[in-house]
Amino acid sequence: MMISGKARLAGVMGWPVGHSRSPRLHGYWLEKHGIDGAYLPLAVRPDDLQDALRALPKLGFRGCNLTVPHKEAAMRIVDRVDETARRIGAINTVIVEDDGTLSGRNTDAPGFIANLLQGAPGLALDGASAFVLGAGGAARGVIAGLIEAGVVEIKLANRSPDKTNALVRAFEPYVVPVPWDERADRLDDIDLLVNTTSLGMQGQPALDLPLDGLAEAAVVTDIVYAPLETDLLARAKARGNRTVDGLGMLLHQAVPGFAAWFGLVPEVTEELRRHVLAR
Ligand code: ATR
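Reading the values: rules and limits
Residues numbered from 1 in each chain as written. Predicted model: local features only at pLDDT ≥ 70, side-chain atom pairs only at ≥ 80, totals over all residues. Heavy atoms only, no water. Near = heavy atom within 4 Å. Polar contact = N/O pair within 3.5 Å; in protein donor to acceptor, adjacent residues only side chain to side chain. Nonpolar A, V, L, I, M, F, W, Y, C, P; charged D, E, K, R; others polar. Buried < 20%, exposed > 50% of the residue type's maximum accessible area, 1.4 Å probe, protein only. Helix = DSSP H or I, 4+ residues; strand = E, 2+ residues; numbered from the N terminus. Arc of directions from axis to C-beta. Contact = heavy atoms within 4.5 Å. Pairing = 2+ DSSP bridges. Right-handed = clockwise from strand over helix to strand, strands pointing away. UniProt positions renumbered as here; feature names shortened; annotations may be inferred. Core = buried A, V, L, I, M, F, W, Y, C linked by side-chain atoms within 4.5 Å. Salt bridge = Lys/Arg side-chain N within 4 Å of Asp/Glu carboxyl O. Phe/Tyr/Trp six-rings, centres within 6.5 Å; stacked < 30°, edge-to-face > 60°. Lys NZ or Arg CZ within 6 Å of the ring centre and 35° of its normal.

### Overview of the site of the ligand
- Taken together, 13 residues lie around the ligand, and Ala138, Asn158, Arg159, Ser160 and Lys163 are the ones closest in.
- At 2.8 Å from an oxygen atom of the ligand is found a side-chain nitrogen or oxygen belonging to Lys163.
- When its residues are assigned to classes, the shell around the ligand shows 4 nonpolar, 7 polar and 2 charged.

### A look at helix α8 (residues 231–238)
- Regarding α8, the residues found buried are Leu232, Leu233 and Ala236. All buried residues of α8 lie within an arc of 95° about the axis, which places them on one face of the element.
- Buried positions along α8 lie against β10 (192–195), β11 (219–222) and β12 (242–244).
- Trailing α8 by a residue or two, Gly240 shows a phi angle of about 100°, which is positive.

### Examining the pairing of strand β7 (residues 129–133)
- Buried residues dominate β7, accounting for 5 of its 5 residues.
- Side chains of β7 alternate between two faces, with Ser129, Phe131 and Leu133 and Ala130 and Val132 buried alike.
- Across 5 bridges, β7 lies against strand β8 (residues 153–157) in parallel orientation. Along β8, the bridge assignment pairs Leu133 with Ala157.
- Assessed by its sense of winding, the connection that carries the chain from β7 through helix α6 (residues 137–148) to β8 is right-handed.
- Examined bridge by bridge, β7 and β10 share 4 bridges and lie parallel to one another. Bridge pairing in β10 places Leu133 opposite Asn195.

### Things to note about the UniProt feature "binding site: NADP(+)" (unreviewed entry) in the protein chain
- Sequence positions flagged by UniProt for "binding site: NADP(+)" (unreviewed entry) are, in local numbering, Glu83, Gly134, Ala135, Gly136, Gly137, Ala138, Ile223 and Gly246. Sequence-wise these annotated residues cover 164 residues; spatially they are dispersed, their C-alpha atoms as much as 24.5 Å apart.
- Structurally, Glu83 is set in helix α4 (residues 83–88).
- Looking at Glu83, the relative accessible area reads 53%, which means it is exposed.
- For Ile223, the location among the structural elements is in the loop between β11 and α8.
- Looking at Ile223, the relative accessible area reads 17%, which means it is buried.
- For Ile223, the residues in contact, after removing those within four places along its chain, are Ala138, Val142, Asn195, Thr196, Gly246 and Met249.

### Topic: the nonpolar core
- Within the largest apolar cluster, 32 residues are counted, with the highest numbers of intra-cluster contacts made by Val132, Ile143, Leu146 and Leu192.
- Counting only elements with at least two residues in this core, the list comes to α5 (108–119), β7, α6, β8, α7 (161–170) and β10.
- When residues in this core are grouped by element, the largest group, 6 residues, is from α6.
- Ignoring anything within four residues of it in the chain, the contact list for Leu192 reads Leu116, Leu123, Leu125, Ser129, Ala130, Phe131, Leu146, Val219 and Thr221.

### Notes on the UniProt feature "domain: Shikimate dehydrogenase substrate binding N-terminal" (unreviewed entry) in the protein chain
- Following the UniProt record, the feature "domain: Shikimate dehydrogenase substrate binding N-terminal" (unreviewed entry) maps to residues 12–94 here.
- Across residues 12–94, the secondary structure splits into 39% helix and 24% strand, with the terminal C-alpha atoms separated by 10 Å.

### Observations regarding the pattern of salt bridges
- What the rule picks out here adds up to 11 salt bridges.
- Between Arg235 and Asp231 there is a salt bridge; the shortest N-O distance is 3.1 Å. Here the residue Arg235 and the residue Asp231 both occupy positions in helix α8, the gap between them amounting to 4 residues, near one helical turn.
- Residue classification places Asp231 among the partly exposed positions, given a relative accessible area of 35%.
- Taken together, the shared-partner salt bridges in this structure form one network comprising Glu153, Lys155 and Asp189.

### Let's talk about the packing of aromatic side chains
- For the coordinates displayed, the defined rule picks out 4 aromatic pairs.
- Taking the centre distance of 4.9 Å and the plane angle of 50° together, the rings of Phe258 and Phe262 count as tilted. Note that Phe258 and Phe262 are positioned in helix α10 (residues 255–262) at a spacing of 4 residues, about one turn of the helix. Here Phe258 and Phe262 have matching classes, each one buried.
- Here Trp261 and Phe262 contribute two aromatic rings whose centre-to-centre distance is 6.3 Å and whose plane-to-plane angle is 85°, an arrangement assigned as edge-to-face. Neither residue differs from the other here; Trp261 and Phe262 are each classed as buried.
- Site record: aromatic cluster; members linked through ring pairs are Trp29, Tyr39, Phe258, Trp261 and Phe262.
- Sitting over the ring of Trp180, Arg183 keeps its end group 4.2 Å from the ring centre.

Structure below.
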């Protein structure tokens, strides 16, 4: 597909940005749908973030995604953010409005839920109870998504208790703190188990969590996607639990931005998963 003088423009701002899979992901959709547009890696130093964001409308960009380390700082620069983003404390998507102002959104929450429901069809989240491990940035998106989907209780365990407590306050009254050392003893009455820690990622130790107490009907998901099947997911699958890997969250969180910038709601397919994983 050739890019014309009328091409729609978007990209991802990060520092560094070279590791980002977003250009590959959006590039696949642009090509697949024959859209006259481009999605570019934008290497922006932290000190330059404000200037870079303000330049988007001046350069005719329709918006951008944000990755490490810009997600929190960008929230204070854009002109408005939605309620979900405010609760999470970070944005990952910027949309340039017709009047040139910048709207910030966080699509991690809907992306997490969309992946979960695609991977575990029929999972009833309304009124459900969940257990979340980890209390970093990713956990905030996951918890916001669970609450919006109707989950009524979220047990939360994290190695550092002060981060657990911060999330208990941010998402009052949904989050119930569980001491990290007691994480294996509190799995009996949950419908969903979510790992948001980096444990289980390539080069990291596995998540140490015996699953003996977990009901067989519970769904287990990991936001780690390298490897696709973490030790946690392999153990859960072996004992009969349904499992959902983390790659789809990365893909689904990109959908609202693409739709806003390029005018078409793209699909998350098996072929897209393979394309994004390929080197
Ligand atoms: P992200 O944005 O992906 O959530 P993060 O904010 O760095 O990344 O969070 C990483 C999470 O993994 C945290 O919950 C962290 O626990 P701490 O808050 O105690 O640091 C968790 N984590 C990382 N390494 C860990 C380990 N060895 N044991 C237990 N938890 C770990």
